[in-house]
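# Fold and contact review
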Amino acid sequence: MYRPLLALSALITISACSTSQVASVQPIDGVISGQCHIDKVRGAVGLAASHATVERARVDSDSLQVQVIGSRHAETGATASGVANPSPGAESGGERLTIEKGRTNNITAVYCG
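As the structure is a prediction and not an experimental result, all values here were calculated from the model.

Along the chain, the regular secondary structure elements total two helices and three strands. Traced from its N-terminal end to its C-terminal end, the chain shows the element sequence α-α-β-β-β. Here the chain, with 113 residues, has 26% of them falling under the buried criterion. Contacts in the chain between residues at least 24 apart in sequence constitute 69% of all its contacts with a sequence separation of at least 6. As displayed, the chain has an accessible area near 7,500 Å², and 58% of this comes from carbon and sulfur atoms.

See below:
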């Protein structure tokens, strides 16, 4: 009689502890230099500009700040094919990564500054 209650109690306890926690975004080397570099975040172009993607791009670019703005450039051509310039601004320098997003919340460009 006690075994089913004990099993149920154990199951509830285990399930309460197993909620998945969202890991914080950490740099691979443990340090953010504060000097923006977009060479490691070019692949973000075309992805949805979700909070997690934007924060991952900020950390991967070694930037201290990130700014998400509406696209200033006409959306002509697919960036995956190389037709449009996915980094119309600076490729490195400064402490801020700028992410441009299109009308469908997709990242259209990344650059420093």
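Resuming the write-up.
Bringing the nonpolar core into the picture now. Membership of the largest hydrophobic core comes to 13 residues, with the highest contact counts inside it found for Ile38, Val41, Leu97, Ile99, Ile107 and Val110. If one sorts the elements of this core by residue count, strand E3 (residues 107-112) sits on top with three residues. Setting aside residues up to four positions removed in sequence, leucine 97 forms contacts with Cys36, Ile38, Val41, Ala57, Arg58, Ser61, Ser63, Gln65, Val66, Gln67, Val110 and Tyr111.

The strand order across the open sheet built from three strands is E1-E2-E3, with neighbouring strands paired in mixed fashion. For this open sheet the edge positions go to strand E1 (65-70) and E3, each flanked by a neighbour on one side alone. Neighbouring strand axes in the sheet, compared pairwise and without regard to direction, differ in orientation by 20° on average. Examined bridge by bridge, strand E2 (residues 96-101) and E3 share five bridges and lie antiparallel to one another.

Each value, and the rule that gives it
- Residues numbered from 1 in each chain as written.
- Predicted model: local features only at pLDDT ≥ 70, side-chain atom pairs only at ≥ 80, totals over all residues.
- Heavy atoms only, no water.
- Helix = DSSP H or I, 4+ residues; strand = E, 2+ residues; numbered from the N terminus.
- Buried < 20%, exposed > 50% of the residue type's maximum accessible area, 1.4 Å probe, protein only.
- Contact = heavy atoms within 4.5 Å.
- Areas by Shrake-Rupley, 256 points an atom, 1.4 Å probe, with all protein chains shown as cover.
- Core = buried A, V, L, I, M, F, W, Y, C linked by side-chain atoms within 4.5 Å.
- Pairing = 2+ DSSP bridges.
- Axes fitted to C-alpha atoms, helices over the stretch in contact; angles between N-to-C directions.

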